[in-house]
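Residues per chain, in single letters:
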Amino acid sequence: MLLVRLYQVEDKEVMVMDGMQGYMPGANAIRLLASRKSGVGADRVIVCAGTQAKQGFRAFTADGQETELTAEDCLLLSRQQMDIEIRLTDSFVEKMRQADEERLAKAC
């Protein structure tokens, strides 16, 4: 099971997930996760990356495009805010992995 947290920032929903737990999602997985139709739904996804000693973050738009962290992202990550905890089932995580694998297969 994978844990993600959903935050309301002004008029946007921002999802924060831990990519250090053995699975770093790619663009297709982010699109699936951020989809309001077939996923959880979010306007932006921030993935914690790196190691325990040196953490880093990757930010994505809902369509899976990686972007720079914004000032609002940094503020969100630095403060404790009210959040909604969402637990993704292993089945849904497998769908995310398959979405990324399909993209890699098309690229070859």
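Counting restarts for each chain: residues are numbered from 1 in the order of the written sequence. Owing to the predicted nature of the model, reporting of local features is limited to residues with pLDDT of at least 70; listing and counting of side-chain atom pairs is limited to 80 or more, with chain, interface and lining totals taken over all residues. With hydrogens and water stripped out, all remaining heavy atoms of the structure feed into the side-chain values.

Under an unreviewed UniProt entry, the name given to the protein chain is Diaminopimelate epimerase, and the source organism is Selenomonas ruminantium.

S.K.: Which residues make up the pairing of strand S3 (residues 44-50), and what are the values?
M.R.: Every other side chain in a regular strand lies on the same face of the sheet, so the side chains alternate between the two faces. Burial status follows relative accessibility: with a 1.4 Å probe on protein chains alone, a residue under 20% of its type maximum counts as buried, one over 50% as exposed, and anything between as partly exposed. Counting from the N terminus, the helices are the DSSP runs of H or I reaching at least four residues and the strands are the DSSP runs of E reaching at least two. Of all 7 residues in S3, 6 are buried; the element is thus mostly enclosed. Inspection of the sheet shows strand S2 (residues 12-18) paired to S3 by 5 bridges, in the parallel sense. Bridge assignment links methionine 15 to a residue of S3, and that residue is valine 45. By definition, two strands form a pair when at least two bridges between them are found by DSSP. When S3 meets strand S4 (residues 55-61), the two strands line up antiparallel, connected through 7 bridges. Note on S4: the bridge partner recorded for arginine 44 is threonine 61.

S.K.: Explain the pattern of salt bridges residue by residue, including any values.
M.R.: Counted as salt bridges are all cases of a side-chain nitrogen of Lys or Arg within 4 Å of a carboxyl oxygen of Asp or Glu. Applying the stated criterion to the full structure yields 4 salt bridges. With a closest N to O distance of 2.7 Å, aspartate 73 and arginine 44 form a salt bridge. Separated by 29 residues along the polypeptide, aspartate 73 in helix H2 (residues 71-78) and arginine 44 in strand S3 bring together distant segments of the chain. Each member of the pair, aspartate 73 as well as arginine 44, carries the same accessibility label: buried. With its nearest N and O atoms 2.9 Å apart, the salt bridge here joins glutamate 66 to arginine 58. Look at glutamate 66 and you get partly exposed, because its relative accessible area is 46%. Taken together, the shared-partner salt bridges in this structure form one network comprising Glu13, Arg36 and Asp43.

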